[in-house]
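Chain by chain, the residues run as shown.
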Protein chains: 2
Amino acid sequence: MRIALLLVGYGNVGRRYVELLGESQAALAAMGIAPVVVGIVTRRQGGIFDASGLDSPAITAWLERPSPGHVSTVEFIGDALDRLRVAPFDRSVVVETTTLDVASGEPAISHVRAALRGGADVISANKGPVAFAWRALADEAARVGRSFLFEGAVMDGIPIFNLVRETMPAVVVHGFRGVVNSTTNFMLTAMERGERFDVALARMQAEGIAEADPSLDVDGWDAAAKAAALANVLLDAETTPVAVEREGIGPETGPRALEARRRGRVLKLVASGAGRGAGARMRVRLEELAPDDPLAVLDGQGNALELDTWPLGRVVITQRDGGLEKTAYALVADLVTVARRMRA
Amino acid sequence: MRIALLLVGYGNVGRRYVELLGESQAALAAMGIAPVVVGIVTRRQGGIFDASGLDSPAITAWLERPSPGHVSTVEFIGDALDRLRVAPFDRSVVVETTTLDVASGEPAISHVRAALRGGADVISANKGPVAFAWRALADEAARVGRSFLFEGAVMDGIPIFNLVRETMPAVVVHGFRGVVNSTTNFMLTAMERGERFDVALARMQAEGIAEADPSLDVDGWDAAAKAAALANVLLDAETTPVAVEREGIGPETGPRALEARRRGRVLKLVASGAGRGAGARMRVRLEELAPDDPLAVLDGQGNALELDTWPLGRVVITQRDGGLEKTAYALVADLVTVARRMRA
């Protein structure tokens, strides 16, 4: 089936996604999936659209043109999806990879709404919509018969939401605990070796792992958003990141990490949730773990999530290697899910 | 949809499966799945069949009757599936849980063939068929439009085959390594604490974890069968357990484990595979692991499998809690897969 892709946001993840679609072309074709990038819109660069498909030179030329000033992304999505109604595609999919305003989940939530309203499925690498508005967006998607997917929101492309939905039918998830923020995990690992907080942080920024404004990571907001996303989907919590009890790391965390190591323990920033529905409780906090805890053995770039389930007991999934292309892969997996549902 | 279940083998896993279907009734009903146990056949007890469904008193009465002498399980499967053709079910599923002859994969392979021949899907907790005859059985299932599923063959009900098939589309698996045999892992853990081989083994047998004849476990055959199953499905290897380079544990392993610990390393029996197709190489051997290896931190009852993939890098899935009902759950997951495919 021919699927028109409209990219909303075109940063590193979006670019790697387009490459990965090319590298996965044979595998996707074997599943009957032929994706075509027909449009891109970003806040800075405005939009480009061609229902016959955008090739690499066209995208490069667009990126090099001067910024057009303010463009309404929501309007661009609506217009592009209108034009796609008469184009020869089996489906339109909006690929949402804008950056997150952690206080509101916007503008991504508005992008998701505009996409569903325009008859598109939405796949997002953004944790905002699922962390802030999961129930409303899931209901809206169900109402219009489209998918709202976000495998990349937690632990990059490592299957979390797909793991539970596709491979654990009839399983009850009682709770979860995980190390899900790479910047703080890198920094804790460095501080355990005696590195100072500010030195570790500067290194994270130099390596492009932490943002220029690292407060989202070090203050625990990123982990809280992921905890809210997990609680919404796995525990039916209808919560937001603001409701997550939250702790971050700071200069005082280094001595604590060293002291824990001296006692044979490991200090990690753990995001967890337990209970169900309105009774679910989420928190992000520094916890001392036993050295043989699957969360304790993670090096800087590792992430892991433990699910406490019936009847499978505790199941852990671990990501040992980091990197942008894992997040880009999540969008490939979500695209395949859309296609599988179209066939079902 | 109403699904008729024919149980081939009725040991601990089969019995727990029937209970678990009851406990999962609401979740299965929400997916539109109504399973009915219509027949059971075992080598010792012969068969019982009632197309209107077997209730618990009927099964108990059957179990208490004297053994009828020799009954051909393959013939029983064929006859039962014939009778089900006129019964009011949407599908017949054969649930294979007999014990494995590790030298041949039989009689389970014959049971799978008889089931497919009779028009049934097959779900099996048995590693024999997938370890010895994966390609032939998968081809036969495809030919008749039925499923051959075996999530319980490796790591009980923890998703392995479903993980790759359902949640990692377009991913390439380069190889795997895992701790997948619980008896030897329990014994290694005990021997690290100074317990003698024969004492640890006797305890495993007393606790029902090791078989009366423990050679399948301690000689590495169980792990080799699992390595062959994984290589067949994930690496397209068309191999058998006999082709797996194999090492087991013995009285001499205890001192090695203790010596490794003294050097800060951990001795584990690791099943691994790498390469693809005819070039795939599988082995089971004792390996000294770094203490922060996700396979090293497993306690006795833990199992874990690391997949080396493109583009997700190394992904590990860990089972922290053991037990029969995890294997029984695998058969629930496989039943749901059958139903999902019927709908697709």
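Scroll up a little and you will see the structure.
The model shown is predicted, which means the values in this text are computed figures rather than measured ones.

A. Quick peek at the nonpolar core. Ranked by size, the top nonpolar core spans 228 residues in total, and within it L5 and Y17 of chain A together with L5 and Y17 of chain B carry the most contacts. Beyond its immediate sequence surroundings of up to four residues, Y17 of chain B is in contact with L5, L7, V95, I123, A328, L331, V332 and L335 of chain B.

B. Focus on the relation of the copies chain A and chain B. Overlaying chain A with chain B gives an RMSD of 0.0 Å, the required rotation being 180 degrees about an axis along which the chain moves by 0.0 Å. Between the two chains, the operation in question is that of a two-fold axis. The residues that chain A uses at the interface reappear at the interface of chain B in 98% of cases, marking a shared surface.

C. Quick look at the pattern of salt bridges. Under the criterion given, the structure shown has 50 salt bridges over all chains. Here R85 of chain A makes a salt bridge to D82 of chain A, at a shortest N to O gap of 3.3 Å. The salt bridge involving R261 of chain B is made with E192 of chain B; its shortest N-O contact spans 3.1 Å. Remark: E192 of chain B occurs in helix α8 (residues 182-192) and R261 of chain B occurs in helix α12 (residues 253-262); sequence separation between them is 69 residues.

D. View of the sheet that holds strand β8 (residues 245-246) of chain B. Read across the open sheet, the 12 strands follow the order β8(A)-β10(A)-β9(A)-β7(A)-β11(A)-β12(A)-β12(B)-β11(B)-β7(B)-β9(B)-β10(B)-β8(B); overall the sheet is mixed. A single partner strand is all that each edge strand has here, and the edge strands are β8 (245-246) of chain A together with β8 of chain B. Direction of pairing for strand β11 (residues 303-310) of chain A relative to strand β12 (residues 313-319) of chain A: antiparallel, over a ladder of seven bridges. Looking at the pairing, A304 of chain A lines up with T318 of chain A of β12 of chain A.

E. Focus on the packing of helix α6 (residues 128-144) of chain B against helix α11 (residues 221-234) of chain B. Residue and element names in this part refer to chain B. Between α6 and α11, the shortest axis-to-axis distance is 7 Å and the interhelical angle comes to 30 degrees. Accordingly, the angle class assigned to the pair α6 and α11 is roughly parallel. The handedness of the crossing between α6 and α11 comes out as left-handed. Here V130, A131 and W134 of α6 lie close against α11, whose contacting residues are A225, A228, A229, N232 and V233.

F. The arrangement of unusual backbone geometry in detail. Residues and elements named next belong to chain A. For the peptide bond that leads from W310 to P311, omega is 0 degrees, which places it in the cis range. Tracing the sequence through the fold places P311 in the loop between β11 and β12. Despite not being glycine, D236 shows a phi value in the positive range, around 55 degrees.

G. Up close: the packing of aromatic side chains. Residue and element names in this part refer to chain A. On inspection of all chains with the given rule, the structure shows 10 aromatic pairs over all chains. Geometrically, the ring pair formed by W134 and F150 is edge-to-face, given 5.6 Å between the ring centres and 85 degrees between the ring planes. Note that W134 is positioned in helix α6 (residues 128-144) and F150 in the loop between β6 (148-149) and α7 (161-167), a separation of 16 residues in sequence. F150 carries the same exposure label as W134, and that label is buried.

H. Fine view of empty space enclosed by the protein. Under the criterion given, the structure shown has two cavities of 30 Å³ or more. Lining the largest cavity we find P294, V297, L298 and T318 of chain A together with P294, V297, L298 and T318 of chain B. Of the residues belonging to the lining of the largest cavity, the class tally is six nonpolar, two polar and no charged. Considering only enclosed or pocket space, the second largest cavity measures out at about 30 Å³ in volume. As for the second largest cavity, its lining consists of L149, F150, E151, F161, N162, R165 and D334 of chain A. Of all the elements, α7 of chain A adds the most residues to the lining of the second largest cavity, at three residues. Among the residues making up the lining of the second largest cavity, the classes are represented as three nonpolar, one polar and three charged.

I. Molecular detail of the interface of chain A and chain B. Taken together, the contact between chain A and chain B spans 44 residues of the former and 43 residues of the latter. Of the roughly 3800 Å² buried where chain A meets chain B, counting both sides, 60% is carbon and sulfur surface. Among the residues of chain A in contact with chain B, R314, R320 and Y329 of chain A are the three that bury the most area, contributing 18% of the side total. In this structure, E166 of chain A engages R340 of chain B in a salt bridge whose closest nitrogen and oxygen atoms are separated by 3.8 Å. Between the two partners, chain A and chain B, sit 15 residue pairs in polar contact (both at pLDDT 80 or more). Elements supplying a minimum of two residues to the side of chain A that touches chain B: α1 (12-23), α7, β11, β12 and α13 (324-343) of chain A. When residues of the side of chain A that touches chain B are assigned to their parent elements, the largest contribution, eight residues, is made by α13 of chain A. Residues belonging to the side of chain A that touches chain B are distributed by class as follows: 24 nonpolar, seven polar and 13 charged. As paired strands, β12 of chain A and strand β12 (residues 313-319) of chain B are joined by five bridges and run antiparallel to one another. Across the sheet, the residue bridging to V316 of chain A is T318 of chain B, located in β12 of chain B.

Criteria and cut-off values
Residues numbered from 1 in each chain as written. Chains lettered and ligands numbered in written order. Predicted model: local features only at pLDDT ≥ 70, side-chain atom pairs only at ≥ 80, totals over all residues. Heavy atoms only, no water. Core = buried A, V, L, I, M, F, W, Y, C linked by side-chain atoms within 4.5 Å. Buried < 20%, exposed > 50% of the residue type's maximum accessible area, 1.4 Å probe, protein only. Contact = heavy atoms within 4.5 Å. Least-squares fit on C-alpha atoms with pLDDT ≥ 70 in both. Salt bridge = Lys/Arg side-chain N within 4 Å of Asp/Glu carboxyl O. Helix = DSSP H or I, 4+ residues; strand = E, 2+ residues; numbered from the N terminus. Pairing = 2+ DSSP bridges. Axes fitted to C-alpha atoms, helices over the stretch in contact; angles between N-to-C directions. Parallel < 35°, antiparallel > 145°, perpendicular 65-115°, else oblique. Left-handed = near helix turned anticlockwise from the far one by under 90°. Phe/Tyr/Trp six-rings, centres within 6.5 Å; stacked < 30°, edge-to-face > 60°. 1 Å grid on protein atoms, 1.4 Å probe; cavity = no way out; pocket = protein on both sides within 12 Å on 5 of 7 lines; lining within 4 Å. Points joined across faces, edges and corners; volume = space filled by probe spheres on them. Nonpolar A, V, L, I, M, F, W, Y, C, P; charged D, E, K, R; others polar. Buried area = accessible area lost by both parts, 1.4 Å probe. Polar contact = N/O pair within 3.5 Å; in protein donor to acceptor, adjacent residues only side chain to side chain.

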